[in-house]
Amino acid sequence: MSIKYLGHSCFEIETKSGAKILIDPFLVCSPDYNPEGVTDIFVTHAHGDHLGSAIEISKKTGATITAIYELANYCEKKGAKVNGIGVGNWQNYSWGKAIATPAYHSSSTMDGVYGGNPCGYVFEIDGTTAYHAGDTSLMQEMKTIGELYRPDVAMLPVGGQFTMDIEHAVIAADWLKVTGVIPMHYNTFDAISVDIKEFERLIREKGKLPLVLKVGQEMN
Ligand code: NI
Ligand code: MN
């Protein structure tokens with residue numbers, strides 16, 4: 001599978017079988033993104049910078065939005081195709097499987113509707129296990145996620161203010177036992193601006209690989 005960074009917390013995963021998966025499609029950093037061919041959308045929580053264009057894209061492409069039950073209901077009422085789930089249950093797809101994990105954050109839509117609990121996701125695709133943490137603080141559950149799912153790579157928020165900062169993300173990488181970390185949720189707004197070189201330095205010190213992707217950059 002390949003992972004392309006579309007800015008903020010948004011990624012596009014393309015599987016060997018040809019599925020195209022979007023996570024948290026907030027596309028201000030990739031305004032020219034063409035969602036044609038998207039088969040699945042995963043949303044970690046209802047905040048505008050994560051739900052983003054999920055509903056529009058689902059309506060345009062027929063992609064299924066996987067989200068926590070309350071948020072999925074909200075999307076369905078707006079005309080999207082959904083798979084409403086709870087934390088902790090593997091979901092099977094034609095391209096692999098995914099499980100929602102806990103996240104310490106909040107979740108309500110821009111118009112004030114309760115979005116259920118926020119979450120992250122672990123994906124097992126083409127023999128690789130990838131964890132997208134969503135918006136969260138550092139949490140003990142990351143030790144469990146490391147133990148249960150053994151992710152190879154983690155997409156972790158590093159911007160602080162609303163989520164973990166760089167120092168906590170480095171601890172999270174340790175707890176998750178991952179080999180590589182893709183930083184996300186930084187430098188989109190002033191409140192979450194960081195020196196990403198500092199992240200690279202600290203992750204390397206832990207013997208792990210910093211995978212700093214530019215917007216539009218892809219890794220395999
Ligand atoms: Ni949020
Ligand atoms: Mn956010």
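So, here's what we can say about the structure. (Residues numbered from 1 in each chain as written. Chains lettered and ligands numbered in written order. Predicted model: local features only at pLDDT ≥ 70, side-chain atom pairs only at ≥ 80, totals over all residues. Heavy atoms only, no water.)

## Thoughts on the environment of I13
Among the structural elements, I13 can be located in strand β2 (residues 10-14). Taking relative accessible area as the criterion, I13 reaches 0% and is therefore assigned buried. Taking the C-alpha atoms as reference points, I13 and I23, 10 residues apart in sequence, are found 8.1 Å from one another. (Helix = DSSP H or I, 4+ residues; strand = E, 2+ residues; numbered from the N terminus. Buried < 20%, exposed > 50% of the residue type's maximum accessible area, 1.4 Å probe, protein only.)

## Things to note about helix α4 (residues 141-149)
Along α4, the residues classified as buried are M142, I145, G146 and Y149. Relative to the axis of α4, the buried residues are bounded by an arc of 105° and lie together on one face. In α4, the exposed residues that point more than 90 degrees away from the buried face are E147 and L148. Of the residues trailing α4, R150 is marked for its positive phi of about 45°. (Arc of directions from axis to C-beta.)

## Quick notes on the coordination of the nickel ion (ligand 1)
The protein atoms that coordinate the nickel ion (ligand 1) are H45 (NE2), H47 (ND1), H105 (NE2) and D135 (OD), at distances spanning 2.2 to 2.3 Å. With four donor atoms in place around the nickel ion (ligand 1) and angles of 88 to 179° between them, the coordination shape is irregular. The motif formed by the donor residues of the nickel ion (ligand 1), counted along the single chain, is H-x1-H-x57-H-x29-D. A separation of 3.1 Å is found between the nickel ion (ligand 1) and the manganese ion (ligand 2), both of which receive a donor from D135. Taken as a pair, H45 in the loop between β4 (40-42) and α1 (48-51) and H105 in the loop between β8 (96-102) and β9 (119-125) lie far apart in primary sequence, 60 residues in all. (Donors = N, O, S within 2.8 Å, 3.2 Å for Na, K, Ca; no water. Tetrahedral: all angles 85-135°; square planar, octahedral: opposite > 155°, others 65-115°.)

## Quick notes on the packing of aromatic side chains
Under the defined criterion, the tally for this structure stands at nine aromatic pairs. Where Y5 meets F11, the ring centres are 5.0 Å apart and the plane angle is 40°; that geometry is what we call tilted. Just as Y5 is buried, F11 falls in that class too. Here the aromatic rings of F42 and Y121 are separated by 5.1 Å at their centres, their planes lie at 75°, and the arrangement is edge-to-face. Residue F42 is located in strand β4, and its partner Y121 is located in strand β9; the two are separated by 79 residues in the primary sequence. (Phe/Tyr/Trp six-rings, centres within 6.5 Å; stacked < 30°, edge-to-face > 60°.)

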